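Here are the chains, one letter per residue:
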Amino acid sequence: MTPNISYPKPGYLSARYPARFLQGETLKHREADQATGSYRLAAHVHYLQEKHGWHIERREVSEETKDPTGRAAKYMEYWLPGWLIEWAGTEGQEYVEKVLELETQRIAARLAATSVCVPMIMI
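Presented here is a report on the structure given in the accompanying data block. (Residues numbered from 1 in each chain as written. Predicted model: local features only at pLDDT ≥ 70, side-chain atom pairs only at ≥ 80, totals over all residues. Heavy atoms only, no water.)

### Details of the overall build of the protein
Operational definition: Only DSSP runs of H or I with at least four residues qualify as helices, and only runs of E with at least two residues qualify as strands; both kinds are numbered from the N terminus onward. The buried label applies to any residue whose accessible area, calculated with a 1.4 Å probe on protein chains only, is under 20% of its type's maximum; exposed applies above 50%, and partly exposed to all values in between. Contacts are residue-level and defined by heavy atoms, with any inter-residue pair within 4.5 Å sufficient. Exposure was quantified through the Shrake-Rupley algorithm and a 1.4 Å probe, taking into account, for residues, occlusion by the shown protein chains and nothing else. Charge counting follows a simple rule: Lys and Arg are positive, Asp and Glu are negative, and His as well as the terminal groups are ignored. By convention, the charge on Lys lies at NZ, on Arg at CZ, on Asp at CG and on Glu at CD.
Within the protein, the secondary structure is distributed over four helices and three strands. When the elements of the protein are put in sequence order from the N terminus, they spell out α-β-α-α-β-β-α. Taken along its principal axes, the extent of the C-alpha atoms in the protein is 75 × 50 × 20 Å. For the protein, the residues scored as buried account for 34% of the 123 residues in total. Considering only intrachain contacts with a sequence separation of at least 6, the fraction spanning at least 24 residues in the protein is 60%. Surface summary for the protein: the accessible area is close to 8500 Å², and the carbon and sulfur share equals 54%. Positive and negative side-chain charges of the protein, numbering 15 and 16 respectively, have mean locations separated by a distance of 7 Å.

Structure, rendered in structure tokens:
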């Protein structure tokens, strides 16, 4: 079976998810939020499937919350099947490198822009 997949442009937010999936990561909403600042993992998974042809596996998981009533939350966990990571091969890993390099550059630029050097005045 040869999938008919395409890759989102490396600079797009939606590219950051397949880059992680292609490294074998399993993502839940909290991890995706921490990695990208977006709490829309399910929407990105849907987009990758519908617009780019990705086959993304999922399962429902349940975890205790910090709710004092002891409530458990149910949510989805997503990953790529091993056969698809293998199929993507070198092209997939080169894509991962491009996406992560852009992400690193943007983080560095943002940190540089928010780091203000204030000269000290000696009295």
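### Points about the sheet that holds strand S2 (residues 57-64)
In plain terms, the rule: Strands are treated as partners if at least two bridges between them are detected by DSSP. Working convention: axes come from line fits to C-alpha atoms, limited for helices to the stretch in contact. Angles between N-to-C directions cover 0 to 180 degrees.
In space, the three strands of this open sheet follow the order S1-S3-S2, with antiparallel pairing throughout. Only two strands of the sheet have a single neighbouring strand rather than two, namely strand S1 (27-28) and S2. The sheet contacts of helix H3 (residues 41-52) involve S1, S2 and strand S3 (72-79), and relative to S3 the element is tilted by about 30 degrees.

### Re the nonpolar core
Formally: Residue types Ala, Val, Leu, Ile, Met, Phe, Trp, Tyr and Cys, when buried and joined through side-chain atoms within 4.5 Å, form a set referred to as a nonpolar core.
The biggest cluster of nonpolar side chains holds 21 residues, and the ones touching the most others in it are Phe21, Leu22, Trp54 and Ile56. Residue assignment for this core shows that the elements contributing at least two residues are helix H1 (16-21), H3 and helix H4 (82-114). The biggest single contributor to this core is H4, with five residues. If near-sequence neighbours (up to four positions away) are discounted, Trp54 is found in contact with Ile5, Ser6, Tyr7, Pro8, Pro18, Leu22, Leu48, Gln49, Leu80 and Leu84.

### Focus: the packing of aromatic side chains
Just so we agree on the cut-off: Put simply, two rings from Phe, Tyr or Trp (the six-membered ring, in Trp's case) pair if the centres are within 6.5 Å, and we call them stacked under 30 degrees between planes, edge-to-face over 60, tilted for the rest.
Under the definition given, this model contains two aromatic pairs. Measuring from ring centre to ring centre gives 5.5 Å for Tyr7 and Trp54, while their planes differ by 75 degrees; the resulting arrangement is edge-to-face. Here the residue Tyr7 occupies a position in the segment before H1, and Trp54 occupies one in the loop between H3 and S2, the gap between them amounting to 47 residues. Residue classification places Trp54 among the buried residues on the basis of a relative accessible area of 3%. A ring pair is formed by Tyr7 and Tyr95, whose centres lie 4.4 Å apart and whose planes are at 40 degrees; its orientation type is tilted. Residue Tyr7 is found in the segment before H1, and its partner Tyr95 is found in helix H4; the two are separated by 88 residues along the sequence. An aromatic cluster is built from Tyr7, Trp54 and Tyr95, whose rings are joined through pairwise contacts.

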